[in-house]
Amino acid sequence: MADIKLKGITRRWNDFIGVDNLNLDIADREFLVLLGPSGCGKSTTMRMIAGLEEVSSGEIWLGERMVNNLEPKDRDISMVFQSYGLYPTMSVYENIRFPLRIRKVPASEHKERVLRAAEMVELTQFLDRRPAALSGGQRQRVALARAIVRAPNAFLMDEPLSNLDAKLRVSTRAQIANLHHELKTTTVYVTHDQVEAMTLADRVVVMKNGIAQQIAPPMDIYNKPANTFVASFIGAPAMNLIEGHLEAGTFTSPVLTVSGLPHRHSGPVTLGFRAEDVAVVSEGGNLAAPVYSVERLGDSTMFAIRAKDDLISLKADKAASLAIGDVVRAAVTAKVSHIFDGTTGQRIEPLLIPA
Ligand SMILES: Nc1ncnc2c1ncn2[C@@H]1O[C@H](COP(=O)(O)OP(=O)(O)OP(=O)(O)O)[C@@H](O)[C@H]1O
Ligand SMILES: [Mg+2]
């Protein structure tokens, strides 16, 4: 096992920068998730760690070794991809065994190690089948078993769940979390799904256009997004963001006024708040607008109201009586408000915690 250090790694093709000066210390045993929209540089980062992509500048360290010039096979890292990459003519058993054969692990160890890996991902009863006779979720588990069979320095997983249906994604996600708990192997996991990131990660790197926007544990990112991009990427629904003006602790916009904000900053800002942090009130409140959509989720009701150009997500009780067109009033307090610079989008921290 090993820690992984990325020191200012950059990947450039002519004048396009895919990954821009990424600095990251991944601790031994850490589960690190790279999260961001399509094209933000997640796979490129992972491929550089694996040695499948050249590093234009910067250094990659695996434990005590600088590995920039080390062949992928000599880095001793296992990768799991979205497209399982199984050998169709081999049985599940032989697929899982394959890395042991090419690494010349003594044959006497193979059976025990394959059986143990298969057991960890609940494939024991499928060992004689060919991949074509498996479901998508079972195939993905073969790919996982093949990665864990040889106890590598680290696992790299690139969107391993994206071919699975919603239910299988949830159960396989739990299995990956459990595997990491058992094996404690340093893992770098790529996804564009913020729920996967939140549920699996010790720390998340949120990326945009090749640049790390925030590197922190999931709940820190949820509670204190570093900028409006992160705020709009994490959480379902995303944080509500309303543009306006801040002056003497009062935020004003055409749809909402919030006073008592513990910020000395003045000028254009974006005020953010999460759906679940705002109470629907029968009278008063500082936000009133007609219901635009209603989604009954079973345990709660998510709905959106339309205030001028803004669609604002709110959360209500599962039994809430809400219909499209009803006018809803809500109270957005200073305490639940996040303030971002109106020009740069960067978070502005309060001077003191609001009462
Ligand atoms: N060989 C290449 N030549 C030029 N540009 C490339 C090359 N490979 C990747 N890129 C560009 O680098 C950027 C980052 O690509 P990357 O595959 O890392 O994105 P990603 O975050 O994994 O996206 P996705 O979620 O779609 O897989 C993209 O804009 C991509 O077009
Ligand atoms: Mg990718």
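For the structure itself, look to the data block above.
So, a few notes on the structure that sits alongside this text. (Residues numbered from 1 in each chain as written. Chains lettered and ligands numbered in written order. Predicted model: local features only at pLDDT ≥ 70, side-chain atom pairs only at ≥ 80, totals over all residues. Heavy atoms only, no water.)

Looking at the sheet that holds strand 21 (residues 347-348)
Formally: By the convention used here, strands pair only if DSSP detects at least 2 bridges between them. Helix and strand assignments come from DSSP, with helices taken as H or I runs of at least 4 residues and strands as E runs of at least 2, each series counted from the N terminus.
In space, the six strands of this open sheet follow the order 13-12-11-14-20-21, with antiparallel pairing throughout. Looking along the sheet, the strands with just one partner apiece sit at the ends: strand 13 (257-258) and strand 21. Summarising the sheet, strand 14 (residues 267-273) and strand 20 (residues 338-341) pair through four bridges and their orientation is antiparallel. Looking at strand 20, one finds that Thr270 is bridged to Phe340.

Examining the side chain of Thr270
Selection criterion: Relative accessibility decides the category of a residue: with a 1.4 Å probe and only protein chains considered, values under 20% of the type maximum give buried, values over 50% give exposed, and everything between is partly exposed. The contact criterion used is simple: two residues touch if any of their non-hydrogen atoms lie within 4.5 Å.
Examined against the element boundaries, Thr270 turns out to sit in strand 14. Taking relative accessible area as the criterion, Thr270 reaches 9% and is therefore assigned buried. In this structure, Thr270 is in contact with Thr228, Leu241, Ile242, Glu243, His338, Ile339, Phe340 and Gly342, ignoring residues within four places of it in sequence.

A few points about the nonpolar core
Rules: Grouping buried Ala, Val, Leu, Ile, Met, Phe, Trp, Tyr and Cys residues that are joined through side-chain atoms within 4.5 Å yields what is termed a nonpolar core.
Counting residues in hydrophobic clusters, the biggest one holds 45 residues, and the most contacted among them are Leu35, Ile96, Leu123, Ile176 and Tyr189. Broken down by element, the residue count for this core peaks at six residues, all from helix 5 (residues 136-148). Among all residues touching Leu35, those that are not within four sequence positions of it are Lys42, Thr191, His192, Asp193, Gln194, Ala197, Val204, Val205, Val206, Met207, Phe233 and Ile234. One finds Phe251, Val258, Leu261 and Ala330 within the second-largest nonpolar core, a separate group that totals 29 residues.

Considering the packing of helix 5 against helix 6 (residues 166-183)
Note the threshold: A fitted line through C-alpha atoms represents every axis, and for helices the fit uses only the stretch in contact; the resulting angles, taken between N-to-C directions, go from 0 to 180 degrees. Reported orientations rely on four angle classes, namely roughly parallel under 35 degrees, roughly antiparallel over 145, roughly perpendicular from 65 to 115, and oblique for the rest. For any pair of crossing helices, the crossing counts as left-handed if the nearer helix is rotated counterclockwise from the farther one by less than a right angle, and right-handed if it is rotated clockwise. For this classification, the nonpolar set comprises Ala, Val, Leu, Ile, Met, Phe, Trp, Tyr, Cys and Pro, the charged set comprises Asp, Glu, Lys and Arg, and every other residue, Gly included, is treated as polar.
It is at 11 Å that the axes of helix 5 and helix 6 come closest, and there the two elements cross at 15°. Looking at the two axes, helix 5 sits roughly parallel to helix 6. For helix 5 against helix 6, the interelement crossing comes out right-handed. For the pair formed by helix 5 and helix 6, the contact residues are Gly137, Arg141, Leu144 and Ile148 on the first element and Leu168, Thr172, Gln175, Ile176, Leu179 and Leu183 on the second. Partitioned by chemical class, the residues of the contact of helix 5 with helix 6 number six nonpolar, three polar and one charged.

Things to note about the site of ligand 1
Stated formally: Proximity is defined per residue: any heavy atom of the residue falling within 4 Å of a molecule or strand makes that residue near it. For this analysis, a polar contact is any N or O atom pair within 3.5 Å, provided that within protein one partner can donate a hydrogen and the other can accept it, and provided that sequence-adjacent residues contribute only side-chain to side-chain pairs. Note on areas: Shrake-Rupley with a 1.4 Å probe; residue coverage comes only from the protein chains shown.
Taken together, the neighbourhood of ligand 1 is formed by Trp13, Phe16, Pro37, Ser38, Gly39, Cys40, Gly41, Lys42, Ser43, Thr44 and Glu159. Interatomic distance of 3.4 Å between a side-chain N/O atom of Trp13 and a nitrogen atom of ligand 1. Here Ser43 contributes a side-chain N or O atom positioned 2.8 Å from an oxygen atom of ligand 1. A total of 650 Å² of accessible area belongs to ligand 1 in isolation, and the protein chains cover 59% of it. Examining the composition of the shell around ligand 1, we find that three residues originate from one element, helix 1 (residues 42-50), more than from any other.

Thoughts on the pattern of salt bridges
Which entries qualify depends on this criterion: Any Lys or Arg side-chain nitrogen located within 4 Å of an Asp or Glu carboxyl oxygen qualifies as a salt bridge.
Throughout the structure, instances matching the rule amount to 13 salt bridges. The salt bridge partner of Arg47 is Glu53, with a shortest N-O separation of 3.2 Å. A relative accessible area of 31% means that Arg47 is categorised as partly exposed. Measuring nitrogen to oxygen at the nearest pair gives 3.6 Å for the salt bridge that ties Asp76 to Arg103. Here Asp76 is found in the loop between helix 2 (72-75) and strand 6 (77-81), whereas its partner Arg103 is found in the loop between helix 3 (92-102) and helix 4 (107-120), with 27 residues between them in sequence. On the basis of relative accessibility, which here comes to 21%, the residue Asp76 falls in the partly exposed class.

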